[in-house]
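# Examination of the molecular architecture
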Amino acid sequence: MKLLQLFFVLSILSLLSCSSDNSPITPGNPEPIPSEIYFPPINSNAWETVSLSELGWNANKLQPLLDYLETKITKGFIILHHGKIVIEQYFNGHSSNASWYWASAGKTLTATLSGIAQDEGLIDIHLKVSDYLGIKWTSIPLEKENLISCKHLLNMTSGLDDGLGDDVSPENLQYLADAGTRWAYHNVYVKMQDVVEHASNQTWDTYFNNKLRDKIGMTGSWISFGNLKVYTSNTRSMARFGLLLYADGKWKNTQIVSETYISEATNTSQNINQAYGYLWWLNGKSSFHLPTTQIEFQGELIPNAPADMFMALGKNDQKLYVVPSKNLVVVRMGEVANPDNPTFGLSGFDNELWEKILELTN
């Protein structure tokens, strides 16, 4: 009997030993689940990789994905799994060191820096914009202007007329509806950059570089185009930013922006457009609104993509996708993928691309 008991104990210990590594397998998911997120070092080109075979992905689907990306005039493409590079490819004369514009995908940088400023006690996004910029930053009646909070700028419900172009001078900011009652994609969000400047007593670029860019090893800069400031960087820098969001605002042992704020920013932020957070687009919602229209569309933004995915989407198909359930960050930079359907960011390309990504990863 004692020998039988001893054999039983040794067997249990053996099983525990076999399952005590950092890569357990969960039912229904053949991928090993990493124990820690990998973060590439600052001021270095070093970045650890993980192979398709290690992840159990379908290697036969890689070349069709790359061929598709090249034909769609992609310049840079990266897939991270739990922080490590699985795929990094450059096409059409682009390179790892070359910069490209983020377009409206860069809105999420403004949202994130606003969160950092709030974490530092410099701003409160629930307070009205005029608390920071003073009154008459618009041309609307004062009682209506005082309804507009910083949060309204971040979730696109300022109520200001979105049909007057990108100019955000006071004379071009006109009343259309009370703040919080109408969702409309509007360049007035850039006033959050002014709010942060005033509150921090630093230029936008200086505060951005010190508090976000340099802390996670990004490169790049803000370039002025008329009434817009557009961020440009290499593809890896966009991937670094996506990794920060995947890690709930943390970089290694440093919380860059609070997890609470990241959660707010990447979930529905108002009751009109379910698919919009704080300048982030959200998949998996039952309905959504798009720029330039007040129509409510039924269904998910990208049916082929995971429901928990949140996205930074820019003109001419600049894409940053973060998918917590699959431990993925995906970046695509390039020219417009569907010339017959150039949009603000969302296009049929998203759905086609995710069909091919999931064929590779499943």
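Quick caveat: nothing in here was measured; it's all calculated off a predicted structure.

## Here we look at the overall build of the protein
Along the backbone of the protein there are 12 helices and 15 strands. Going through the 362 residues of the protein one by one, you find that 51% of them count as buried. Accessible surface for the protein amounts to roughly 15800 Å². Of this, 51% is attributable to carbon and sulfur atoms.

## Describing the pattern of salt bridges
Oppositely charged side chains can pair when the atoms bearing their charge come close. All chains considered together, the criterion is met by 11 salt bridges. Between Arg236 and Glu88 there is a salt bridge, with the nearest N and O atoms lying 2.8 Å from each other. Note that Arg236 is positioned in helix α10 (residues 235-246) and Glu88 in strand β4 (residues 84-90), a separation of 148 residues in sequence. Between Glu120 and Lys211 there is a salt bridge, with the nearest N and O atoms lying 2.9 Å from each other. Taken together, the residues span a long stretch of sequence, with Glu120 in the loop between α4 (107-119) and α5 (130-133) and Lys211 in helix α9 (residues 204-213) at a distance of 91 residues.

## Focus on the pairing of strand β7 (residues 228-233)
Note: strand β5 (residues 100-101) against β7, two bridges, orientation antiparallel. Counted as the bridge partner of Tyr101 is Thr232 from β7. By the bridge criterion, five bridges tie strand β6 (residues 221-225) to β7 in an arrangement that is antiparallel. The residue bridging Trp222 from the neighbouring strand is Tyr231, located in β7. Between the end of β6 and the start of β7, which pair antiparallel, lie two residues, with Gly226 showing a positive phi angle near 60°.

## Considerations on the sheet that holds β6
The antiparallel open sheet is built from three strands, whose spatial order is β5-β7-β6. If you trace the sheet from one side to the other, it starts and ends with β5 and β6, each paired once.

## Considerations on the environment of Ala105
Mapped onto the secondary structure, Ala105 falls in the loop between β5 and α4. According to the relative accessible area criterion, Ala105 is buried, its value standing at 0%. On a C-alpha basis, the gap between Ala105 and Met311 in space is 8.2 Å, while along the polypeptide they are 206 residues apart. With near-sequence residues (within four places) excluded, Ala105 lies in contact with Met238, Ala312, Leu313, Gly314 and Gln318.

## Points about unusual backbone geometry
Leave glycine aside and you will find that most residues have negative phi; peptide bonds, for their part, are mostly trans. Phi is positive for Lys136, which is not a glycine, with a value near 65°. Assignment of secondary structure puts Lys136 in the loop between α5 and α6 (142-145). The exposure class of Lys136 is exposed, given its relative accessible area of 64%. Backbone geometry places Leu279, a non-glycine residue, at a positive phi of 65°. Secondary-structure assignment places Leu279 in the loop between α11 (259-265) and β10 (281-282).

## Examining the sheet that holds strand β14 (residues 318-323)
Strand order in the open sheet formed by six strands is β4-β3-β15-β14-β13-β10, and the pairing between neighbours is antiparallel. A strand with exactly one partner marks an edge of an open sheet, and here the two such strands are β4 and β10. As paired elements, strand β3 (residues 74-81) and strand β15 (residues 328-334) share seven bridges and run antiparallel to each other. Looking across to β15, one finds that Leu80 is bridged to Val329. Most of the contacts of α10 go to β15, to which it runs at about 150°, and overall it touches β3, β4, β13 (310-314), β14 and β15.

Procedures and definitions
- Residues numbered from 1 in each chain as written.
- Predicted model: local features only at pLDDT ≥ 70, side-chain atom pairs only at ≥ 80, totals over all residues.
- Heavy atoms only, no water.
- Helix = DSSP H or I, 4+ residues; strand = E, 2+ residues; numbered from the N terminus.
- Buried < 20%, exposed > 50% of the residue type's maximum accessible area, 1.4 Å probe, protein only.
- Areas by Shrake-Rupley, 256 points an atom, 1.4 Å probe, with all protein chains shown as cover.
- Salt bridge = Lys/Arg side-chain N within 4 Å of Asp/Glu carboxyl O.
- Pairing = 2+ DSSP bridges.
- Contact = heavy atoms within 4.5 Å.
- Axes fitted to C-alpha atoms, helices over the stretch in contact; angles between N-to-C directions.

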